[in-house]
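Structural overview for review
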Amino acid sequence: MTNPKTDLRRFSSRDGAFNATPARIVFGAGSAATVRDEVARLDRRKALVVSTPGRKAMAEDLAARLGDRAVGILPTAISQVPIELARQARAAASDAGADCIVAIGGGASVGLAKGICLELALPIVNIPTTDSGSEMTAFCGITIDGVKIMHESRNMLAHTVIYDPELSLGLSRHNSAASALNALAHCVDGIYVTSSSPIHQLAAIEGAKVVVKGIRAVWSDPSSLEARSELLYGAYLAGAALAGGFALQHGLAHTLGGSYKVPHGNAHAVALPYVTAYNTTFAQKGVGIVARSLGTDNLAGTIHDLLGELDLPVRLPDVGIGADALERIARITVDTDNGLNPGPVTYESVLGVVKAAFAGDRP
């Protein structure tokens, strides 16, 4: 006999930085041209444009579009957001009298904008040129003393995100693939993380399907604006899924990136099949739903196959990690765990995942 009370649906979602997404999304080819209007909508007049050195030309073009609503560009962003760089960028923003930050580029640019606004609390307009989805969240991994630590604050949540697929047309096939696996990792983590809301879990399910379909289309034809648009839409959904929270997948990827300099997309790619395999035991329902959206009953194995299909690393040695690093990777990952993973995050369990990633066998 069923119990009418215990069988009723029950859940509670986290507040603060969790489950929060930007107030405004502008999506479509050519939409970056509206940046001045979006800054004006925020009633801001001194936008500082943040980018990596490699995206400096894009930042200059954006500043020109902003016209008298720009105070300059800061093309200093690098991967993993070192705390020293974040502090320098905050000082630069203050010295310029910036009242808004506009970030253009991938996770490095978005991350530096977040690092600035963590303390300055300025409104952010994100214009992503890659497909990870981090532009949607109030979370940021900041590297301090060689360890990447996740920070959470509504100050880092963008007010506006402009998605223009034309800006990703020049992204290489490999970088597109690595970025897409980052987005897929957001969907997988987002389906089972214990802080996520049902709305964000639905974004994870649809996002995984769209990301996988989109990256295969981009891989086949990198010049296709339609393929780029669909993959970017998947990144948007993945970012919404990540807004629900993050768990072991992100913890391990951040250790690989912050402590061992593995590029963020590759770090997520090489960890994802093995973290997924571990968590499947503890979150069979959520993992199973995502698996079915991809037409499989073995999500971890399918992700492993996808890495091979996209010429991405499947073993830790592929990203320069030797056997002598495995125990330290496990310790750092456990020490920075946030307690939201469905399976226990112990030294023994994480070392098992890391050893599996080192071997690279199909889960």
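Only a predicted model underlies this, so the values are computations on that prediction, with no experimental measurement involved. (Residues numbered from 1 in each chain as written. Predicted model: local features only at pLDDT ≥ 70, side-chain atom pairs only at ≥ 80, totals over all residues. Heavy atoms only, no water.)

**A look at the packing of aromatic side chains**
Evaluation of the coordinates by the stated rule reveals eight aromatic pairs. Between Phe 27 and Tyr 163, the ring centres sit 5.6 Å apart and the planes meet at 35 degrees, which makes this aromatic pair tilted. With Phe 27 in strand β1 (residues 24-27) and Tyr 163 in strand β8 (residues 160-163), this residue pair connects regions lying 136 residues apart in the sequence. Classification of Phe 27 as partly exposed rests on a relative accessible area of 34%. Looking at Tyr 163, the relative accessible area reads 0%, which means it is buried. Counting every residue linked through ring pairs, the aromatic cluster contains Phe 27, Tyr 163, Tyr 233 and Tyr 236. Against the face of Phe 18 rests Arg 14, its NZ or CZ located 4.1 Å from the ring centre. Over the face of the ring belonging to Trp 219 we find Arg 173, whose NZ or CZ atom lies 3.9 Å from the ring centre. (Phe/Tyr/Trp six-rings, centres within 6.5 Å; stacked < 30°, edge-to-face > 60°. Helix = DSSP H or I, 4+ residues; strand = E, 2+ residues; numbered from the N terminus. Buried < 20%, exposed > 50% of the residue type's maximum accessible area, 1.4 Å probe, protein only. Lys NZ or Arg CZ within 6 Å of the ring centre and 35° of its normal.)

**A short note on the nonpolar core**
Ranked by size, the top nonpolar core spans 94 residues in total, and within it Ile 101, Ile 116, Leu 181, Leu 184, Leu 316 and Ile 321 carry the most contacts. Top element by residues in this core is helix α5 (residues 173-192). It accounts for 11 residues. Within the second largest apolar cluster, 18 residues are counted, among which are Ala 47, Ala 63, Ile 104 and Ile 127. (Core = buried A, V, L, I, M, F, W, Y, C linked by side-chain atoms within 4.5 Å.)

**As for the side chain of Arg 90**
Mapped onto the elements, Arg 90 comes out in helix α3 (residues 83-96). What Arg 90 contacts, discounting residues up to four positions off in sequence, is Ile 83, Gly 115, Ile 116, Leu 118, Glu 119 and Leu 120. (Contact = heavy atoms within 4.5 Å.)

**Concerning the environment of Glu 152**
Considering the arrangement of structural elements, one finds Glu 152 in strand β7 (residues 147-152). Its relative accessible area of 39% is what places Glu 152 among the partly exposed residues. A C-alpha to C-alpha distance of 8.9 Å links Glu 152 and Gly 141, two positions 11 residues apart in sequence. Excluding its chain neighbours within four sequence positions, the residues that come into contact with Glu 152 are Ala 17, Phe 18, Ala 138, Phe 139 and Phe 246.

**Quick notes on the state of the cysteines**
A disulfide bridge is the covalent bond that connects two cysteines by way of their sulfur atoms. Under the definition given, this model contains zero disulfides. With no disulfide of its own, Cys 117 has Cys 100 as its nearest cysteine by sulfur position, at a separation of 8.1 Å. Look at Cys 117 and you get buried, because its relative accessible area is 0%. Cysteine Cys 140 remains unbridged, with the sulfur of Cys 117 as its closest cysteine sulfur at 11 Å. (Disulfide = S-S within 2.5 Å.)

**Here's the deal with the pattern of salt bridges**
The final tally for this structure, using the stated rule, is 10 salt bridges. Salt-bridge contacts for Arg 36 lead to Asp 68; the nearest nitrogen and oxygen are separated by 2.5 Å. With Arg 36 in helix α1 (residues 35-41) and Asp 68 in the loop between α2 (56-66) and β3 (70-74), the pair connects residues that are 32 residues apart, well separated along the chain. Owing to a relative accessible area of 30%, Arg 36 belongs among the partly exposed residues under this scheme. In this structure, Asp 43 and Arg 45 form a salt bridge, with 2.9 Å as the shortest nitrogen-oxygen distance. (Salt bridge = Lys/Arg side-chain N within 4 Å of Asp/Glu carboxyl O.)

**Focus on the packing of α3 against helix α4 (residues 107-120)**
In a pair of packed helices, the angle between the axes and the distance between the axes together describe the arrangement. One can describe the packing of α3 onto α4 by two numbers: an axis separation of 9 Å at closest approach and a directional angle of 65 degrees. By the angle between their directions, the pair α3 and α4 is classed as roughly perpendicular. For the crossing formed where α3 meets α4, the hand is right-handed. Where α3 approaches α4, its residues Leu 85, Ala 86, Ala 89, Arg 90, Ala 93 and Ser 94 are matched on the opposing element by Leu 112, Gly 115, Ile 116, Leu 118, Glu 119 and Leu 120. Here the contact of α3 with α4 is built from residues that sort into eight nonpolar, two polar and two charged. (Axes fitted to C-alpha atoms, helices over the stretch in contact; angles between N-to-C directions. Parallel < 35°, antiparallel > 145°, perpendicular 65-115°, else oblique. Left-handed = near helix turned anticlockwise from the far one by under 90°. Nonpolar A, V, L, I, M, F, W, Y, C, P; charged D, E, K, R; others polar.)

**Some thoughts on the sheet that holds β1**
Taken in spatial order, the six strands make up an open sheet running β1-β8-β5-β4-β2-β3, and their pairing is parallel. A single partner strand is all that each edge strand has here, and the edge strands are β1 and β3. The average undirected angle you get between the axes of adjacent strands in this sheet is 15 degrees. Across five bridges, strand β4 (residues 100-105) lies against strand β5 (residues 124-128) in parallel orientation. Note on β5: the bridge partner recorded for Ile 104 is Ile 127. The strands that α4 touches are β2 (47-50), β3, β4 and β5; relative to β4, the one it contacts most, it runs at about 160 degrees. Of the strands in this sheet, β1 and β8 touch helix α7 (residues 225-242), which is tilted by about 170 degrees from β1. (Pairing = 2+ DSSP bridges.)

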